[in-house]
Amino acid sequence: MIQKVFNRYEKKYMLTEQQYCEIRKRLEEYMEEDEYGLHTIRNIYYDTANDELIRTSLEKPKYKEKFRVRCYGEPNEESSYFLEIKKKYKGIVNKRRIVMKPQEAKAYLEKGEKPAEQSQIFREVDYVWHHYQLRPKVYLAYDRIALFGKSDPEFRVTFDQNIRSRDFELTLENDTGTTKLLEDGFYLMEVKISNAMPLWFVKILTELGIHSTSFSKYGNVYRKSLEGNGGRKVC
């Protein structure tokens, strides 16, 4: 069982198409596109029966957490499914995840069958899963381009477009029947920082008039669902 732990700061920026094109040109000197190019990330977000995790998150507390299952590209039986706990405390994002094959992940998530290998991170995942009695809530996908720093590969910038979701048929295998979260021509830029943001990057942001924003994909999907239900959650 592969497992990974990430600790970093994350900053988000909403870009128009013009800003996106301008910053991509400016970043060519300092950053490279990763080997995957434009690729799709598919997620299922899990929550409690009364949406406790996302409601708490939207209140902007010092500590919040989310649980999701993720895959990259179109899944098949040899794909990797990432079971992730994403926590945020005082601005620092901690992501802990394990990797399973689809059948193994489904056996655990749908039938409660635990894998033969149970690492420390799996036990953390399992605790959160049972503590909150989680269930699938939203399918959320987007198309991403990721860049990494030429001199510092740990410095990463990603651009997400075509962010889309649905609250039915909650499986990673199907990418149809979704609703777009943003209008065409908008991009969500996310900056992943282990230490300080490079001065050259800060200068580019300043010169292009790009400012950070608070934006949660799952949070905004949840808000839209409330608007669609007349401001209240319907079971």
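These lines cover the structure that appears in this document, whether it is placed above or below. Only a predicted model underlies this, so the values are computations on that prediction, with no experimental measurement involved.

Re the overall build of the protein chain
Argument step 1. Secondary structure summary: the protein chain contains 6 helices and 10 strands in total.
Argument step 2. Taking 2.2 N^0.38 as the reference for a compact globule, 235 residues should give roughly 18 Å; the C-alpha atoms of the protein chain span a radius of gyration of 18 Å, in line with that estimate.
Argument step 3. The dimensions of the protein chain, computed from C-alpha atoms along their principal axes, are 50 × 45 × 35 Å.
Argument step 4. A total of 235 residues make up the protein chain; the buried ones form 47% of that total.
Argument step 5. In the protein chain, once contacts between residues fewer than 6 apart in sequence are set aside, the share between residues at least 24 apart is 70%.
Argument step 6. Surface exposure of the protein chain reaches about 12,700 Å², of which carbon and sulfur atoms provide 47%.
Argument step 7. On the protein chain, the mean spot of the 42 positive side-chain charges and the mean spot of the 37 negative ones are 5 Å from each other.

Overview of the side chain of Lys12
Argument step 1. Mapped onto the elements of the fold, Lys12 is located in strand β1 (residues 3-16).
Argument step 2. Separated by 2.8 Å, the side chain of Lys12 and the backbone oxygen of Phe215 make a polar contact.
Argument step 3. When neighbours within four sequence positions are excluded, Lys12 is seen to be in contact with Leu188, Met189, Glu190, His211, Ser212, Thr213, Phe215 and Ser216.

Focus: the pairing of strand β10 (residues 186-193)
Remember that side chains alternate between the two faces of the sheet whenever the strand is regular.
Argument step 1. Burial analysis of β10 places 7 of its 8 residues in the buried class, the great majority of the element.
Argument step 2. Where strand β8 (residues 156-166) meets β10, 5 bridges bridge the pair, whose relative direction is antiparallel. When the bridges of β10 are listed, Phe159 appears paired with Met189.

Notes on the pairing of strand β5 (residues 81-89)
Argument step 1. The sheet contact formed by strand β4 (residues 63-72) and β5 spans 8 bridges and is antiparallel. Note on β5: the bridge partner recorded for Phe67 is Ile85.
Argument step 2. Bridge analysis of β5 against strand β6 (residues 92-100) gives 9 bridges, and the strand direction is antiparallel. Each bridged residue has a counterpart across the sheet, and for Leu83 the counterpart in β6 is Ile98.
Argument step 3. Between β5 and β6, which pair antiparallel and follow one another directly, the connecting turn spans 2 residues, one of which, Lys90, has a positive phi of 50°.

Parameters at a glance
Residues numbered from 1 in each chain as written. Predicted model: local features only at pLDDT ≥ 70, side-chain atom pairs only at ≥ 80, totals over all residues. Heavy atoms only, no water. Helix = DSSP H or I, 4+ residues; strand = E, 2+ residues; numbered from the N terminus. Rg over C-alpha atoms; globule rule 2.2 N^0.38 Å. Buried < 20%, exposed > 50% of the residue type's maximum accessible area, 1.4 Å probe, protein only. Contact = heavy atoms within 4.5 Å. Areas by Shrake-Rupley, 256 points an atom, 1.4 Å probe, with all protein chains shown as cover. Lys, Arg positive; Asp, Glu negative; His and termini not counted. Charge placed at Lys NZ, Arg CZ, Asp CG, Glu CD. Polar contact = N/O pair within 3.5 Å; in protein donor to acceptor, adjacent residues only side chain to side chain. Pairing = 2+ DSSP bridges.

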